[in-house]
Structures are given as C-alpha cells and as structure tokens.
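Okay, here's what each chain looks like letter by letter:
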Amino acid sequence: MIVALIGVIALVSVNALFLIWMERKVAAHIQLRPGPMEVGFHGALQTVADAIKLIGKELITPEEVDRPIYLLAPIVIFLPVLVLFLVIPFAPNLIIRDLNVGILLIFAFSSLTVLSILMAGWSSNNKYSVFGAIRSIAQNIAYEIPLLITAMSIILMVGSFKLSAIVAAQDKVWFVVIQPLAFLLYIICATAETNRAPFDIPEAESELVAGFHTEYSGMRFGLFFLAEYTNMFVVSAVATVLFLGGWRGWILPPVVWFLIKVYAIIFLIMWFRWTFPRLRFDQLISFAWKVLIPLAFVNLLVTALAIKLF
Amino acid sequence: MMLEPGIEEKTFYLNLGPQHPSTHGVLRILLEMDGEFIANSEPVIGYGHRAHEKMAELRTYQQYLPNMGRVDYLHALAYNHGYCLAVERLAGIEVPERAEFIRVITSELNRIASHLLWFGAYLLDLGAFTPFLYCFDDRENVVDILDRVTGSRLTYCYFRFGGVRDDIDDEFIAGCRAFITRLRSRWQDYDDLVTKNVIFINRTRDVGIITPEQALKYGVTGPCLRGSGIPYDIRRSEPYSVYPLFDFEIPIGERGDIMDRYVVRLREMEQSLRIIEQALDKLPNGPIMAEKVPKRLKPAEGEVYAAVESGRGEFGTYIVSKGDTKPYRIKLRVPSFSNLSIISELIKDTLVADMVAILGSLDLVIPEVDR
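Every chain's residues receive numbers from 1 upward, in the order its sequence appears when written. To label them, take the chains in the order written and letter them from A, then take the ligands in the order written and number them from 1. For a predicted model such as this one, the threshold for reporting local features is a pLDDT of at least 70, and the threshold for listing and counting side-chain atom pairs is 80 or more; totals across whole chains, interfaces and linings nevertheless cover every residue. Note that the side-chain values use all heavy atoms of the structure and ignore hydrogens as well as water.

**Description of the overall build of chain A**
- Helix and strand assignments come from DSSP, with helices taken as H or I runs of at least 4 residues and strands as E runs of at least 2, each series counted from the N terminus. Counting its secondary structure elements, chain A contains 13 helices and zero strands.
- In chain A, the order of α-helices and β-strands from amino to carboxyl end is α-α-α-α-α-α-α-α-α-α-α-α-α.
- On C-alpha atoms alone, chain A measures out to a radius of gyration of 20 Å, which is about the 19 Å that the 2.2 N^0.38 rule sets for 310 residues.
- Each principal axis of the C-alpha atoms in chain A carries an extent, and together these give about 65 × 45 × 45 Å.
- Only protein chains enter the accessibility calculation, which uses a 1.4 Å probe. A residue is then buried if its area is under 20% of the maximum for its type, exposed if over 50%, and partly exposed in between. Here chain A holds 310 residues, and the buried ones make up 53% of them.
- As used throughout, the charge tally considers Lys and Arg to be positive and Asp and Glu to be negative, leaving His and the chain termini uncounted. In plain terms, the charge of a residue is placed at NZ if it is Lys, CZ if Arg, CG if Asp and CD if Glu. Charge centroids of chain A, computed over 20 positive and 18 negative side chains, lie 8 Å from each other. Our radius of gyration is a C-alpha quantity, and the globule rule it is checked against amounts to 2.2 Å times the number of residues to the power 0.38.

In structure tokens:
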C-alpha cells in the first residue's frame, strides 16, 4: 500500500509537471510561437524550474483571512485527487484496488473539489474570491448531474461499477462508437468540471482577477494548480475507461495505450482552452440545465430502451 | 463581505481597479453590486493624470509636439495630425500635397494597428487568449513599417508644422503593399474563428446597446457612435487633409450593441487599407515640408479648433493664442473621455461579465481619459 502511495504521489507530480509543460507547448504552437525553449530540451525542465521557484516563494497569509480554513483549503483540494488514483485501471494488472464501486468512488471524491474551492473563496475574505467560489459551486453542481447521467448510460450497458469490467466489456467495439452523444456530453461536462476554458468562470481572470485563489501565493497556489492538472488527468482517464476501451490496443503494451488515449483527450481539452472565448456565467448554467441535462436524460432513456429491446 | 448576523444588506461595493486586468490602465470603477448584478456604478478617473494641457502653456508650439504621441499612444499619429492641423490653421501654414499623402498613409496604418490591438485585447477580455497573439503578429508589420519612417514604434512624433519629418522611400511603399495583401488574407480567418464563434456571438449580441439618442447625448464618437447607426466620421463630415480625394465607406451598425461596434472596427480596417492603397497609387512627388516655417513659431492672436478622426473618435484641439511663442491655452477634446462617460448608464443592471465586455467594447485608452 505504501509503495502504491509513493507511486501515486510520484505519478501525480510528474504528470502535473508534464501537463503544464504540454499546455505551454500546445498554447504556444496554437499561438504562432515556440513556447519555453531554454531550460532543458525544448523547455522540458521549465516546469521543474518553476516548481522550485514556487516552493521557494514566501507564503503570504493576508491579515483578515479565516486562518484555519484558509490554510486547509489547498490541502483539501489536493488529497481527494490522490484517492482517485486508487481505482484507475492503467493496465490489466496495474490497478491498485479494483473496487466494485470504482466509478462511484471517483465521482464521489471529485465532488469534494467544490468544498475546497468554497473554503478557499470564503476564507480569503476577498469579494473576487467569494464570487469565484459561488460561481464554482453553481457550475460544478450543474455539470456533475449530466456527467453522472452519461456515465450511467455506460454502466447500464456494462452492468457493473467496476472500472476493469467496463474495460472488459469493450473487447469488440469501443463505447464511443455506440454512444457518441454520451462521449460528447462527457467531454463538455468534464471540461466544465475541471474549470477549464471556455468554462473557467470561477477564475475568469478578466472579471475576477484570479477567482477563488486570488489570495494564495507560493506553493499554496501551486497546490491548486497541481490539483487542476491532476483533475484533468483523472477526468480524461475516466473518459478513456468509459468510452475509449481503456488499455486496449495493438502491439504496444496496455499501459502505453492507456496513457496515449488519456493524453489525447487532455490535448483536446487544452485545444478548447486556447481556441474559445469564455461563456458568461448565466449562459453557462442555463446551458447545463436546459441543454446538457435533458440530452443526457434522453440518451440514458434511449440506452435503457435499446438494452430492453435487444 | 463578512456581514454581522442580523444585519441585512442588499447591496455591497466592489472596487474594480485601479489595478484590474480588464480596465487596461489605471481606471477605477466603483460598483454597487446586487449579487452578480451591478446596481450602480461610478468611474473614478485621474490616476494617470500627467497635466498635458497645462504643459502646453509652458512650452513653445514645437516643444509640445512630443506630448501628442503620449496622450493616446495607440493612435499617436492621429494626435500628431490633430495638433499640427490646429497650429497650421492658426498660423496659416500650407502643407505640400506629398506631405498630406504621407500623413494620411501613416495615420491610416496607425489606425489599423490601433484597431488590431483592440481586437486582440478585447478577445482577451472575453477569455480568448489566442487571437491576441495573431493580432500582434499582424500589428508587428505595421509597427515595423512605421518604425522605418518615423523612428519609433509606439509614441510617434513624426508630423511637423507644414509637413512631415522624413520622406518615405520605395521600401516603405513595398512594405505597405505587402502588408495590405497580408492583412486581407487574414479577414477570412478572423471571421471564421471569431465573428462566427457561437460563444462570441452570445457574449456580444444585444449586450451593451447604445441607442443613437444616448450616443448623441453623451457625445460618444468614433466606432461606438457608428455602431449605433450614425455615420459620423470627421474624415467625411468635416474633411481635413486629402481625405476627400479618396473613395472609402463609413461602416455603420444597426443595433448599437457590442457586436456592431466590433464589426464596425473590423470593416474600418478594410476601409483604411483601401485608403492606403489609393494614396500609394496617387502619391505625388514634391517637397514634404512647407517652405519658410519659422523655427520659433509665433502665430497671431486668435483661436482655432481642429478635429481629426482618431481610432477612438473625434479628437479635437482647441488653441487660444495671445500672439506669443507659447500657446495661451490648449484644450484637448479626447474621445475616450466622452466614451467613458456613458459607461454608468450602459452597465446598470448587467452582470459583471457583461460589464467587462461593455467596458472593453468602448476601446478606452485610460491615459487619454486622464490626459
């Protein structure tokens, strides 16, 4: 178990460092520039240098904050993310705990992110932070519902909450072929769940400066940052399991296939961020309640009907 | 926002600025918020006050020229033009035709640079980061072209009383033509990726509507006024320089919302390209400076007002001369100031996100507001 924990922490850190580098490179190439080039090969060590800088920075605690909650928030956002890695099936024999409620555990723990954002926003005693926190809660609740419903339509087909069973059920055809609408809905909701553009309302910098983490500096800010990228990895991993056949592939070892698919989805999410403008808060919420949730329900009903008929 | 229990407060105050990412300068807007809605607002200006008008009283006419590039640094050449125009009218200086053509060409190039910068920065306000870099890539061309002839990249001081400082050469003309081709090839991309983007349309359609009556009441000018459907452009309605020689349209909007202002600016860039093209074709030979402009200008007693169309609207210079080498008083009528004054009315009862979108759509240059 301890080996697994160390493994997870190592994976989380290396993955976050890689993703931040990747995001910079993706952004740069979309924007006609080369991105970081100086530190290491094509700037590969740039994020390591940045991490060292962040750790070395002074941790400023503003005077008027609600101290215990303010200090707890970055930890609360980061710990649940670690738990999620327990059940992700990287390869047939590379699952730390193949729980029979794996997918439920993931959704349950990823919902905790909202709590931490609320804690950070409220305790900062800053109006911009409170705005960010309130928006974030409304948004995450609104987008969690369609996310769960789309996942449910897959679970209906498999008949199990077990992630390895879901992968096993895709031995003939990936679920993305059978459930394209569900995949689309899932990607949209996942982007919103991770607070990524065009749904980055909680930290919309042109309106709210930096949203809920305005008052955080140094490694405390770093933890929020780390959590965002790790969350991105988790939602992409779940998408891979649910729709893209998990570790399935040819010639290459299963774990490589799994990571290729995950990073492909992450690339897609990054692509969104650097291409779209931001939605307005009310448009975002009504999009979730009036479009995504009904669509997800219809999809679920059709799935159930099809299973009953065939 | 930590309220005492039992005390009911419906609204609270939010201080937007003076340091805030979307004010693009040191503008402060005091917002009285009702949740996410703005109940009342009040812009507070003056953080970047540099006493430009007072400085004019202490300097000779020539010494005041460099100030003009710093009032509105984004369309500096229009301000050069406006001031030179006023002084030339005051002192009765005739500008040779070639100089007028060069003035028009450089000024229009600068207008394109200004609009491109607005386009990029505005989308940045709406959360789209990438167009910013594309616009700067295009704008870089203009800046390079102008750098060749004016010697600076931002705060130009190129026009002189009676002409311009340096003549343009073949390389400048070739650069301009290459730029025209390049920018024209970009319109399609901008339209496909931004104008037709559904999120962008939702953010800008029917948001921040300025009615023609409101616009006239507040003295709004420039693309903001034309977006409301009033075809008022100084280049056409009170022609100066050689603008009457060229064929160009005044694009106007219909509804007066953000989208209309956006479209007006995009189409204005195309019209500027047309003007430049025609000016390059018709460019006459001859001197670039009027003869016998005295080193120490001493205009006769009198008053003069001259207005030019800057990227943001009507820029007027009002000079009172008492027959001295220094102006007695200069009043700068800057468009951003009038355009800003409408903001409180526009953002009433809108969301914070809309406020950012509306503020950005007015294309304010805050140092110009403060002067």
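**A closer look at the layout of surface pockets**
Residue and element names in this part refer to chain A.
- Approximately 1200 Å³ is the volume found for the largest pocket.
- Lining the largest pocket are 48 residues, with F221, F225, E228, Y229 and R273 sitting closest to its centre.
- Elements represented by at least two residues in the lining of the largest pocket include exactly α1 (2-30), α2 (46-56), α5 (112-123) and α11 (218-243).
- Ranked by residue count, the leading element in the lining of the largest pocket is α11, at ten residues.
- Lys, Arg, Asp and Glu make up the charged group, whereas Ala, Val, Leu, Ile, Met, Phe, Trp, Tyr, Cys and Pro make up the nonpolar group; the residues left over, Gly among them, are polar. Of the residues in the lining of the largest pocket, the class split is 23 nonpolar, twelve polar and 13 charged. Cavity and pocket criteria rest on a 1 Å grid covering protein atoms alone: a 1.4 Å probe that fits but cannot get out defines a cavity, protein on both sides within 12 Å along at least 5 of 7 lines defines an open pocket, and an atom within 4 Å of a point defines a lining residue. Grid points are joined across faces, edges and corners, and a volume is the space filled by probe spheres set on the points.

**Concerning the nonpolar core**
- Each nonpolar core is a collection of buried residues, namely Ala, Val, Leu, Ile, Met, Phe, Trp, Tyr and Cys, held together in the definition by side-chain atoms within 4.5 Å. By size, the foremost hydrophobic cluster in this structure holds 115 residues, and its most contacted members are Y83 and L109 of chain B.
- Sorting elements by how many residues they give to this core places helix α4 (residues 97-125) of chain B first, with twelve residues.
- Setting aside residues up to four positions removed in sequence, L109 of chain B forms contacts with V142, I145, L146, F172, C176, F179 and I276 of chain B.
- Ranked by size, the runner-up nonpolar core spans 82 residues in total, among them V26, I77, I154 and V234 of chain A. Contacts between residues were defined by any pair of non-hydrogen atoms, one from each residue, lying within 4.5 Å.

**Observations regarding the interface of chain A and chain B**
- Each side of the interface is counted separately: chain A has 26 residues, and chain B has 36 residues.
- Note on terms: buried area is the combined drop in 1.4 Å-probe accessible area of two parts once they are placed together, counting the loss on both. Summing both partners gives a buried area of about 2800 Å² for chain A against chain B, and 62% of it is carried by carbon and sulfur.
- In terms of surface lost to chain B, no three residues of chain A exceed K127, F131 and R280 of chain A, which account for 22% of the buried area on that side.
- Salt bridges, as used here, are contacts in which a Lys or Arg side-chain nitrogen is within 4 Å of a carboxyl oxygen on Asp or Glu. Taken together, chain A and chain B are joined by one salt bridge.
- For D354 of chain B, the salt bridge goes to R280 of chain A, with nearest N and O atoms at 3.0 Å.
- Identification of polar contacts relies on pairs of N or O atoms within 3.5 Å, with a donor-acceptor requirement for protein atoms, meaning one able to donate a hydrogen and the other able to accept it, and with residues adjacent in sequence counted only if both atoms are side-chain atoms. Where chain A meets chain B, there are nine residue pairs in polar contact (both at pLDDT 80 or more).
- Breaking the side of chain A that touches chain B down by element, the ones donating at least two residues are α6 (127-158), α10 (205-208) and α13 (281-309) of chain A.
- When the residues that make up the side of chain A that touches chain B are grouped by side-chain class, the tally is 13 nonpolar, five polar and eight charged.

**Examining the packing of aromatic side chains**
- Pairing of aromatic rings covers Phe, Tyr and Trp, the last counted by its six-membered ring, and requires centre-to-centre distances within 6.5 Å; plane angles under 30 degrees mean stacked, over 60 mean edge-to-face, and any other angle means tilted. This model, assessed by the stated rule, comprises 31 aromatic pairs over all chains.
- An angle of 10° between the planes, with centres 4.3 Å apart, marks the rings of Y70 of chain A and Y216 of chain A as stacked. Residue Y70 of chain A is located in helix α3 (residues 67-84), and its partner Y216 of chain A is located in the loop between α10 and α11; the two are separated by 146 residues in the primary sequence.
- Residue classification places Y70 of chain A among the buried residues on the basis of a relative accessible area of 0%.
- Between F85 of chain A and F233 of chain A, the ring centres sit 5.6 Å apart and the planes meet at 10°, which makes this aromatic pair stacked. Taken together, the positions of F85 of chain A in the loop between α3 and α4 (102-110) and F233 of chain A in helix α11 put the pair 148 residues apart, joining distant regions of the chain. No difference in accessibility class separates F85 of chain A from F233 of chain A, as the two residues are buried.
- Think of it as a cone above the ring: NZ of Lys or CZ of Arg counts as a charge over the ring if it is within 6 Å of the ring centre and within 35 degrees of the ring normal. Directly above the aromatic system of F136 of chain B lies the positively charged group of R139 of chain B, at a separation of 5.4 Å from the ring centroid.

**Overview of empty space enclosed by the protein**
- Evaluation of the coordinates by the stated rule reveals two cavities of 30 Å³ or more.
- Estimates place the volume of the largest cavity at around 120 Å³.
- Together, 13 residues line the largest cavity, and S110, L147, E193, N231 and V235 of chain A are the ones closest to its centre.
- Contributions of two or more residues to the lining of the largest cavity are made by α4, α6, α9 (180-193) and α11 of chain A.
- The leading source of residues in the lining of the largest cavity is α11 of chain A, at four residues.
- Classifying every residue of the lining of the largest cavity by side-chain character gives seven nonpolar, five polar and one charged.
- In this structure, the second largest cavity occupies an estimated 30 Å³ of space.
- If you trace the second largest cavity, you find it lined by Y73, L74, N110, R139, V143, R153, L154 and Y156 of chain B.
- Its residues assigned to classes, the lining of the second largest cavity comprises five nonpolar, one polar and two charged.

**Considerations on the packing of helix α3 (residues 76-91) of chain B against α4 of chain B**
All names here are of chain B.
- At a closest axis distance of 8 Å, the pairing of α3 and α4 adopts a crossing angle of 145°. Taking contact as the criterion, the partners of A76, L77, A78, H81, C84 and E88 in α3 are, on α4, E100, R103, T106, S107 and N110.
- Along the lines of polarity and charge, the residues of the contact of α3 with α4 split into four nonpolar, four polar and three charged. Helix axes use the C-alpha atoms of the stretch in contact, all axes being lines fitted to C-alpha atoms, and the angles between their N-to-C directions lie in the range 0 to 180 degrees.

**Examining unusual backbone geometry**
Residue and element names in this part refer to chain B.
- For A51, which is not a glycine, the phi torsion comes out positive at approximately 60°.
- Of note, A51 is situated in the loop between β3 (37-44) and α1 (52-58).
- Exposure remark for A51: the relative accessible area of 25% places this residue in the partly exposed category.
- Even without being glycine, D206 reaches a positive phi, approximately 60°.
- Along the chain, the position of D206 falls in the loop between α7 (198-204) and α8 (212-218).
- Given a relative accessible area of 45%, D206 falls into the partly exposed group.

**Some thoughts on the state of the cysteines**
All names here are of chain B.
- The definition used for a disulfide is geometric: two cysteine sulfur atoms within 2.5 Å. One pass over the full model with this rule turns up zero disulfides over all chains.
- Cysteine C135 remains unbridged, with the sulfur of C224 as its closest cysteine sulfur at 18 Å.
- Judged by relative accessible area, which is 0%, C135 ranks as buried.
- Between C176, a free cysteine, and C135, which holds the nearest cysteine sulfur, the sulfur-to-sulfur gap is 19 Å.
- Looking at C176, the relative accessible area reads 0%, which means it is buried.

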